[in-house]
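Below, each chain spelled out in residue letters.
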Amino acid sequence: MFSTILLILVVIIFIIAFVFSAAGLLLRILYFLCIALPFSILLGALGIVLCCTIIGIPLGLACFRGAGSLFFSFL
């Protein structure tokens, strides 16, 4: 009796853990597609524009670093 209840609880815990990990994966994919990818593209484009001037080169390089860290935030 006790072992069957324990087995049922373990199965329920594994199911809940799987659902939460799947939801976390879905949220990571949505974050990447809706936030990280567009902002990294915009920062890269801004970095290209800023690097066209001599004064803006340090800011452009900072934009490239920010775009890279935002794009590869999952690694």
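Quick note: structure is the one above.
Right, let's walk through the structure included here.

Procedures and definitions
- Residues numbered from 1 in each chain as written.
- Predicted model: local features only at pLDDT ≥ 70, side-chain atom pairs only at ≥ 80, totals over all residues.
- Heavy atoms only, no water.
- Axes fitted to C-alpha atoms, helices over the stretch in contact; angles between N-to-C directions.
- Helix = DSSP H or I, 4+ residues; strand = E, 2+ residues; numbered from the N terminus.
- Parallel < 35°, antiparallel > 145°, perpendicular 65-115°, else oblique.
- Left-handed = near helix turned anticlockwise from the far one by under 90°.
- Contact = heavy atoms within 4.5 Å.
- Nonpolar A, V, L, I, M, F, W, Y, C, P; charged D, E, K, R; others polar.
- Patch = residues over 30% accessible without salt bridge, like charges linked within 9 Å, V, L, I, M, F, W, Y side chains within 5 Å.
- Areas by Shrake-Rupley, 256 points an atom, 1.4 Å probe, with all protein chains shown as cover.
- Salt bridge = Lys/Arg side-chain N within 4 Å of Asp/Glu carboxyl O.
- Buried < 20%, exposed > 50% of the residue type's maximum accessible area, 1.4 Å probe, protein only.

Describing the packing of helix 1 (residues 2–50) against helix 2 (residues 57–71)
Line of reasoning, step 1. With their axes 8 Å apart at the nearest point, helix 1 and helix 2 run at an angle of 165° to one another. Judged on the interaxial angle alone, helix 2 and helix 1 are roughly antiparallel. For the element pair helix 1 and helix 2, the recorded crossing hand is left-handed. Listed contacts from helix 2 to Tyr31, Phe32, Ala36, Leu37, Phe39, Ser40, Leu43, Gly44, Leu46, Gly47, Ile48 and Leu50 of helix 1 are Ile57, Leu59, Gly60, Cys63, Phe64, Gly66, Ala67, Leu70 and Phe71.
Line of reasoning, step 2. In the contact of helix 1 with helix 2, the residues fall into 16 nonpolar, 5 polar and no charged.

Describing a nonpolar patch on the surface
Line of reasoning, step 1. On the surface, a cluster of nonpolar side chains totalling about 750 Å² of accessible area is made up of Met1, Ile5, Ile8, Leu9, Ile12, Ile16 and Phe20.
Line of reasoning, step 2. Structurally, methionine 1 is set in the segment before helix 1.
Line of reasoning, step 3. Exposure remark for methionine 1: the relative accessible area of 77% places this residue in the exposed category.

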